[in-house]
Amino acid sequence: GDSVTQMEGPVTLSEEAFLTINCTYTATGYPSLFWYVQYPGEGLQLLLKATKADDKGSNKGFEATYRKETTSFHLEKGSVQVSDSAVYFCALTYYNNNDMRFGAGTRLTVKP
Amino acid sequence: DAGVTQSPTHLIKTRGQQVTLRCSPKSGHDTVSWYQQALGQGPQFIFQYYEEEERQRGNFPDRFSGHQFPNYSSELNVNALLLGDSALYLCASSFTGGIDEQYFGPGTRLTVT
């Protein structure tokens, strides 16, 4: 079935470092792809999304490009801050399908 | 504007018992989805309620049931609790069934002993 695989964490970076969190997916069709972020003690928040191949989602300095040829949706940020410390989830779903599939999450810690 | 709220925050139950979790959607939302998040895992879709009916269900047994009220709030019921039901239960709300812009609550942490 459809699934999402994320790079294992935890990831620890120094402030202002470059961030990449890998996400690949297995899908029978053409899903929409999402990145969610979960700060400590809070619910998941939508960070960005892309609905078709070659779309780039971006928000708060984070970017991810929907790559159909490599079935990937890697999350990147050029310069991380301590406030970016959180757990990041990659997810997919289809139009008119409410069964959103999530990866296991990647914990990011940014040190000053 | 209140976001998605869930109650209780934490809950401890014994195997075989039944539990009810509650969710109030974000103002203006009419659709509620429930997810189970085991420790160290991503959320798993349980089911979605829209117009007071279960619209779609994930791969969960019938021990998991739900309800949506006319004010769009929702309950998740789990019968005959198993140790494996210990998890964070997340509620997410959205508008008119779409989940592209769903908002999550902070979750209810259920521990089954």
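Residues numbered from 1 in each chain as written. Chains lettered and ligands numbered in written order. Predicted model: local features only at pLDDT ≥ 70, side-chain atom pairs only at ≥ 80, totals over all residues. Heavy atoms only, no water.

(A) The sheet that holds strand β9 (residues 75-77) of chain A, seen in detail. Residue and element names in this part refer to chain A. Across the sheet, which stays open at both edges, the 4 strands sit in the order β3-β9-β8-β7 with antiparallel pairing between neighbours. Two strands close off the open sheet at either side, each with one partner strand: β3 (19-21) and β7 (56-59). Within this sheet the neighbouring strands show an average axis-to-axis angle of 15°, counted without direction. Taken together, the 4 bridges between β7 and strand β8 (residues 62-65) define a ladder with antiparallel strand orientation. Looking at β8, one finds that Ser58 is bridged to Glu63. (Pairing = 2+ DSSP bridges. Helix = DSSP H or I, 4+ residues; strand = E, 2+ residues; numbered from the N terminus. Axes fitted to C-alpha atoms, helices over the stretch in contact; angles between N-to-C directions.)

(B) Spotlight on the nonpolar core. Core analysis: the largest hydrophobic core is formed by 27 residues, its most contacted members being Trp35(A), Leu48(A), Phe73(A), Leu75(A) and Tyr88(A). Those elements that place two or more of their residues in this core are β2 (11-14), β3, β4 (23-26), β5 (32-38), β6 (44-50), β8, β10 (86-93) and β12 (106-111) of chain A. At 4 residues, β10(A) tops the list of elements feeding residues into this core. In contact with Tyr88(A), other than residues within four places in its own chain, are Gln6(A), Ile21(A), Trp35(A), Tyr36(A), Val37(A), Leu47(A), Phe62(A), Leu75(A), Gly105(A), Thr106(A) and Leu108(A). Among the nonpolar cores identified, the runner-up in size contains 20 residues, and Leu11(B), Val32(B), Phe47(B) and Leu81(B) belong to it. (Core = buried A, V, L, I, M, F, W, Y, C linked by side-chain atoms within 4.5 Å. Buried < 20%, exposed > 50% of the residue type's maximum accessible area, 1.4 Å probe, protein only. Contact = heavy atoms within 4.5 Å.)

(C) Region of the structure containing the state of the cysteines. All names here are of chain A. Evaluation of the coordinates by the stated rule reveals 2 disulfides over all chains. For Cys23, the disulfide goes to Cys90, at an S-S distance of 2.0 Å. Between Cys23 and Cys90, the S-S torsion sits near -70°, and that sign places the bridge as left-handed. You can see Cys23 sitting in strand β4 and its partner Cys90 sitting in strand β10, a full 67 residues away along the chain. With relative accessibility at 0%, the residue Cys90 sits in the buried group. (Disulfide = S-S within 2.5 Å.)

(D) Examining the sheet that holds strand β3 (residues 19-24) of chain B more closely. Residue and element names in this part refer to chain B. Within the open sheet, the 4 strands sit side by side as β1-β3-β8-β7. Their pairing is antiparallel. The open sheet has two edge strands with one neighbour each: β1 (5-7) and β7 (64-68). Shown here is a sheet whose adjacent strand axes are inclined to one another by a mean of 20°, direction ignored. Of the pairings in the sheet, the one linking β7 to strand β8 (residues 74-78) comprises 5 bridges and is antiparallel in character. In the sheet register, Gly66 faces β8, and the bridge partner there is Leu76.

(E) Here's a closer look at the side chain of Thr20(B). Residue and element names in this part refer to chain B. By the secondary structure assignment, Thr20 is in strand β3. Polar contacts involving the side chain of Thr20 include one to the side chain of Gln18, which spans 3.0 Å. Only 2.7 Å separates the side chain of Thr20 from the side chain of Asn77, close enough to count as a polar contact. Residues in contact with Thr20, not counting those within four places in the same chain, are Pro8, Glu75, Leu76 and Asn77. (Polar contact = N/O pair within 3.5 Å; in protein donor to acceptor, adjacent residues only side chain to side chain.)

(F) Molecular detail of the interface of chain A and chain B. Counting from both sides, the interface comprises 19 residues of chain A and, opposite them, 20 residues of chain B. For the pair chain A and chain B, the summed buried surface comes to about 1,500 Å²; carbon and sulfur atoms form 50% of the total. On the chain A side of the interface with chain B, the three residues burying the most area are Leu44(A), Asn98(A) and Phe102(A), jointly 36% of the side's total. Our count for the chain A to chain B interface comes out at 1 salt bridge. Here Lys49(A) and Glu101(B) are joined by a salt bridge, their closest N and O atoms 3.0 Å apart. Between chain A and chain B we count 3 residue pairs in polar contact (both at pLDDT 80 or more) in total. Looking at the side of chain A that touches chain B, the elements with two or more residues in it are β5, β6 and β10 of chain A. Of the residues that constitute the side of chain A that touches chain B, the class distribution is 8 nonpolar, 8 polar and 3 charged. (Buried area = accessible area lost by both parts, 1.4 Å probe. Salt bridge = Lys/Arg side-chain N within 4 Å of Asp/Glu carboxyl O. Nonpolar A, V, L, I, M, F, W, Y, C, P; charged D, E, K, R; others polar.)

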